[in-house]
Structure formats: structure tokens, C-alpha cells
Amino acid sequence: MGEWGIVPSSVVLTSFQVMSRVFLIWAVTHSVKEVQTEDSVLLFVIAWTITEIIRYSFYTFSLLNHLPYLIKWARYTLFIVLYPMGVSGELLTIYAALPFVRQAGLYSISLPNKYNFSFDYYAFLILIMISYIPIFPQLYFHMIHQRRKVLSHTEEHKKFE
């Protein structure tokens, strides 16, 4: 299994995923109250929820050495829809937050100050959004590759246990 033997994911990738979710929940959705009623929030919350139900069912049954094909199939197939759905919700939520972040100067630090440091949270959110361009396809196609690798070994076996 994984680096610590608990789940088959790397600690770095899992940490990145957890931190990005904490960021989106706290630094965007919680901090910008105006976006909390956006449909885009519902979009990523539904995608994340279904993904985690499938993921942890997969891990649980794998640890019990009794993994039904249906759960394995769901783990390596439903991401095809859920991953773009979640990413769309995340990006739309960040985009909806931008005007409010700019207007309030949220989390921004302007010069001059005694630390001679500035930070523009609005620009930071735009950079976060741009970072999805190289990262999303890389992770998505990695999952496509994993799907082919994992499911091709079981296609000749019984489809549903």
C-alpha cells in the first residue's frame, strides 16, 4: 500500500489535496460569506462527498481483503464526472469570491508597512485559478491511466461479486 501502509496514496499528494480543500473551505467559502449561497459551492461539496464515500469504501473493503468489483469500478470510473464537477465548482467559487476579495482587500497587506512586505490576496486567488491549467489535466490523465491499469486486470473476471 502507501508510504505508511494505511492508504495507497502518497503522503505528499494526500497532503496537497487536504490543504487545497481546507483552503477552499476556509480561505474562500468561509471567509467570503457572499459566495456561500452560490450553486458552485454545492457543486464541489457534492463532488467531494461522493468521492470520499467511494474512496473510503474502497479503502475499507481493501483492508478487509473483500473488495466488491462495483466499488472498485466506482473508484476508478466515477472520477470521470466527479473530478471535473468538483474542479468546476472550486473554480467558479473562487471566481465568484474575487470581486468581494478585491473590494474588502481581504487578507491583503499593502506597502508601506514596517515589514516592507506586500501581499495581494486577489492576485493570489487568480494565480491559484491559473494553477489549475497545468495541474488538473496532469492529475486527470493520471487517473485515466490508473483506471486502465486497474480495471483491465479485472475485466476478464466476474463483473459483480
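What you are looking at is a predicted structure, and each value in this text was computed from that prediction instead of being measured. (Residues numbered from 1 in each chain as written. Predicted model: local features only at pLDDT ≥ 70, side-chain atom pairs only at ≥ 80, totals over all residues. Heavy atoms only, no water.)

So, the UniProt feature "transmembrane region" (unreviewed entry) in the protein chain
This chain's UniProt record puts "transmembrane region" (unreviewed entry) on residues 7–29, 41–64, 76–101 and 121–141. A helix fraction of 96% and a strand fraction of 0% characterise residues 41–64, whose end C-alpha atoms lie 34 Å from each other. For the annotated span residues 76–101, helix accounts for 88% and strand for 0% of the residues, and the straight-line distance between the end C-alpha atoms is 37 Å. (UniProt positions renumbered as here; feature names shortened; annotations may be inferred. Helix = DSSP H or I, 4+ residues; strand = E, 2+ residues; numbered from the N terminus.)

Observations regarding the nonpolar core
V28, V101, Y121 and L125 are the most contacted members of the largest nonpolar core, which has 18 residues in total. Mapped by element, the contributors of at least two residues to this core are α1 (11–30), α2 (39–63), α4 (79–104) and α5 (121–152). Looking at which element gives the most residues to this core, the answer is α4, with 5 residues. Those residues in contact with V28 that lie beyond four places of it in its chain are F23, V35, T93, I94, A97, Y121 and L125. (Core = buried A, V, L, I, M, F, W, Y, C linked by side-chain atoms within 4.5 Å. Buried < 20%, exposed > 50% of the residue type's maximum accessible area, 1.4 Å probe, protein only. Contact = heavy atoms within 4.5 Å.)

As for the packing of α2 against α4
Axis separation between α2 and α4 bottoms out at 7 Å; the angle between their running directions is 145°. The hand of the α2/α4 crossing is left-handed. Counting all contacts with α2, which are made through S40, V41, L43, F44, I46, A47, W48, I50, T51 and I54, the residues of α4 involved are L82, M85, G86, S88, G89, E90, L92 and T93. Tallied by class, residues from the contact of α2 with α4 come to 11 nonpolar, 6 polar and 1 charged. (Axes fitted to C-alpha atoms, helices over the stretch in contact; angles between N-to-C directions. Left-handed = near helix turned anticlockwise from the far one by under 90°. Nonpolar A, V, L, I, M, F, W, Y, C, P; charged D, E, K, R; others polar.)

Description of unusual backbone geometry
Put simply, L111 and P112 share a cis peptide bond, and its omega is -5°. As for its position among the elements, P112 is in the loop between α4 and α5. Even without being glycine, N116 reaches a positive phi, approximately 55°.

Description of the packing of aromatic side chains
One pass over the structure, following the stated rule, counts 15 aromatic pairs. Between Y56 and Y59 the ring centres are 5.5 Å apart and the planes differ by 80°, which places this aromatic pair in the edge-to-face class. Of this pair, Y56 and Y59 both sit in helix α2, 3 residues apart, which is roughly one turn of that helix. Residue class for Y59 comes out buried when judged on its relative accessible area of 5%. On the basis of an interplanar angle of 20° and a centroid distance of 6.1 Å, the ring pair of Y83 and Y140 is categorised as stacked. A residue pair is termed long-range when its members are at least 10 positions apart, and Y83 in helix α4 and Y140 in helix α5 qualify at 57 residues. In this structure Y140 comes out as buried when scored by relative accessible area, which is 14%. Grouped by ring-pair contacts, the aromatic residues F23, W26, Y107, F119, Y121 and F124 constitute a single cluster. Note that R75 overlies the ring of Y76, its terminal NZ or CZ placed 5.5 Å from the centroid. One Lys or Arg, R102, reaches over the ring of Y122 and ends 4.0 Å from the middle of that ring. (Phe/Tyr/Trp six-rings, centres within 6.5 Å; stacked < 30°, edge-to-face > 60°. Lys NZ or Arg CZ within 6 Å of the ring centre and 35° of its normal.)

Looking at the confidence of the model for the protein chain
Averaged over all residues, the pLDDT of the protein chain equals 91, while 89% of them reach at least 70. Ranking the elements of the protein chain by mean pLDDT puts α1 last, at 92, and α4 first, at 98. (pLDDT = per-residue confidence, 0-100.)

As for the layout of surface pockets
One number sums up the size of the largest pocket: a volume of about 1,400 Å³. If you trace the largest pocket, you find 44 residues lining it, with L13, Q17, R55, Y83 and L139 closest to the centre. Residues of the lining of the largest pocket, tallied by class, amount to 28 nonpolar, 10 polar and 6 charged. (1 Å grid on protein atoms, 1.4 Å probe; cavity = no way out; pocket = protein on both sides within 12 Å on 5 of 7 lines; lining within 4 Å. Points joined across faces, edges and corners; volume = space filled by probe spheres on them.)

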